[in-house]
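Close look at the chain arrangement
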Amino acid sequence: MNDDQQESRQDAFRTLLHAQRVWDAELPAFDPAAAPDDPLPLFHRWFTEAVAAGQPEPHTMTLATADERGRPDLRILILHDADSRGWHFASHATSRKGRQLAARPEAALGFYWAAQGRAVRLRGRVLTAGAAESSADLHVRSTGALASALVGRQSEVLGSEAELARASQAAWERAQREPDAEAESWTAYVLVPDEVEFFQGDARRRHGRLRYRREGDSWARELLWP
């Protein structure tokens, strides 16, 4: 590709990028003064409202960790629960994120529900659940999820697509044959937040931001400039 073609493609990308708009629909109101004392009930409410608004895959979230050099790393995961203990997810302890959490057991989570112009972000320490809880987490999921866990080797270099196809087929057959099969490295985690921020977008860019900060056994609430 010559320089003129590269510049043409770059111009086309910029035109497409700058043509995108956000929050053209009417967004919900948010009154921080009426928010509960604890962030969990508000998260439950916003999640329920995101589902009702038709937000695709509202249970997907971004997990951010840091490697041994302190460099940030992130990926998309599925939320498994949010309760008084914290926000739950799971992965292989042998994966990149599993190794990073073992070395630095702190992380951040981010949710974005575009249907309502809302985002939630959290950060705090990450606890590792025991073997029984990790096993229960694995076996409450679908056959496909179990098969994926049985393949294992997450984040390792893959030699070929054919190798993946063979391993995946074998894992599917085993998951169907042995629904109670264990994936030894499968681990349930709980992020216990010390900060939770709720962001409500506004078409006039007067966004609402409410941050909860843990103070002992309670939470302090504060507004943030957008």
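We now turn to the structure provided with this report.

So, on to the overall build of the chain. When its secondary structure is counted, the chain shows 6 helices and 9 strands. For the chain, the C-alpha atoms occupy an extent of roughly 60 × 55 × 40 Å along the three principal directions. In the chain, which comprises 226 residues, the share counted as buried stands at 36%. Considering only residue pairs separated by 6 or more positions, the chain has 64% of its internal contacts joining residues 24 or more positions apart.

The subject of this paragraph is unusual backbone geometry. The phi dihedral of Glu-57 falls on the positive side, at around 45°, and the residue is not glycine. Here Glu-57 lies in the loop between helix 2 (39-52) and strand 1 (60-66). With relative accessibility at 54%, the residue Glu-57 sits in the exposed group. Here the phi dihedral of Arg-205 falls at roughly 65°; this positive angle occurs in a residue that is not glycine. Its place among the elements puts Arg-205 in the loop between strand 7 (186-200) and strand 8 (208-215).

Here we take up the pairing of strand 4 (residues 87-92). Across the 6 residues of strand 4, 6 count as buried, placing the element largely inside the fold. As paired elements, strand 3 (residues 81-82) and strand 4 share 2 bridges and run antiparallel to each other. What sits directly across from Asp-81, in strand 4, is His-88. Linking strand 3 to strand 4, which pair antiparallel, is a turn of 4 residues; within it Gly-86 sits at a positive phi near 155°.

Let us look at the nonpolar core. Of all hydrophobic cores here, the largest spans 29 residues; its most connected members are Phe-43, Trp-87, Phe-89, Phe-111 and Val-120. Mapped by element, the contributors of at least two residues to this core are helix 2, strand 1, strand 4, strand 5 (106-113), strand 6 (118-128), strand 7 and strand 8. Sorting elements by how many residues they give to this core places helix 2 first, with 5 residues. Setting aside anything within four residues of it in sequence, one finds Phe-111 in contact with Phe-43, Pro-58, Thr-60, Met-61, Leu-79, Trp-87, Arg-118, Ala-119, Val-120 and Leu-122. By size, the runner-up hydrophobic cluster in this structure holds 11 residues, among which are Ala-90, Leu-138, Leu-146 and Ala-175.

Right, let's talk about the pattern of salt bridges for a bit. Taken as a whole, this structure holds 13 salt bridges when the rule is applied. Between Glu-222 and Arg-211 there is a salt bridge, and its shortest N-O distance comes to 2.7 Å. Residue Glu-222 is found in strand 9 (residues 218-223), and its partner Arg-211 is found in strand 8; the two are separated by 11 residues along the sequence. Judged by its relative accessible area of 22%, Arg-211 is partly exposed. When the shortest N-O distance is used, the salt bridge between Glu-222 and Arg-213 registers 2.6 Å. Arg-213 sits in the partly exposed class, given a relative accessible area of 26%. Look at the salt bridges and you will find they share partners, linking Arg-211, Arg-213, Glu-215 and Glu-222 into a network.

Take Ser-134: it is sitting in helix 4 (residues 131-139). Of the residues examined, Ser-134 reaches a relative accessible area of 5% and is grouped as buried. If we ignore the near neighbours within four places in the chain, the residues touching Ser-134 are Ala-129, Trp-186, Thr-187 and Ala-188.

Another aspect to go through is helix 1 (residues 3-18). End to end, helix 1 covers 22 Å across 16 residues, agreeing with the expected 22 Å (1.5 Å per residue, within 8%). Sitting at the amino-terminal end of helix 1 is Asn-2, which places a side-chain oxygen 3.1 Å from the backbone nitrogen of Asp-4.

Cut-offs and rules
Residues numbered from 1 in each chain as written. Predicted model: local features only at pLDDT ≥ 70, side-chain atom pairs only at ≥ 80, totals over all residues. Heavy atoms only, no water. Helix = DSSP H or I, 4+ residues; strand = E, 2+ residues; numbered from the N terminus. Buried < 20%, exposed > 50% of the residue type's maximum accessible area, 1.4 Å probe, protein only. Contact = heavy atoms within 4.5 Å. Pairing = 2+ DSSP bridges. Core = buried A, V, L, I, M, F, W, Y, C linked by side-chain atoms within 4.5 Å. Salt bridge = Lys/Arg side-chain N within 4 Å of Asp/Glu carboxyl O. Expected span 1.5 Å × (residues − 1). Polar contact = N/O pair within 3.5 Å; in protein donor to acceptor, adjacent residues only side chain to side chain.

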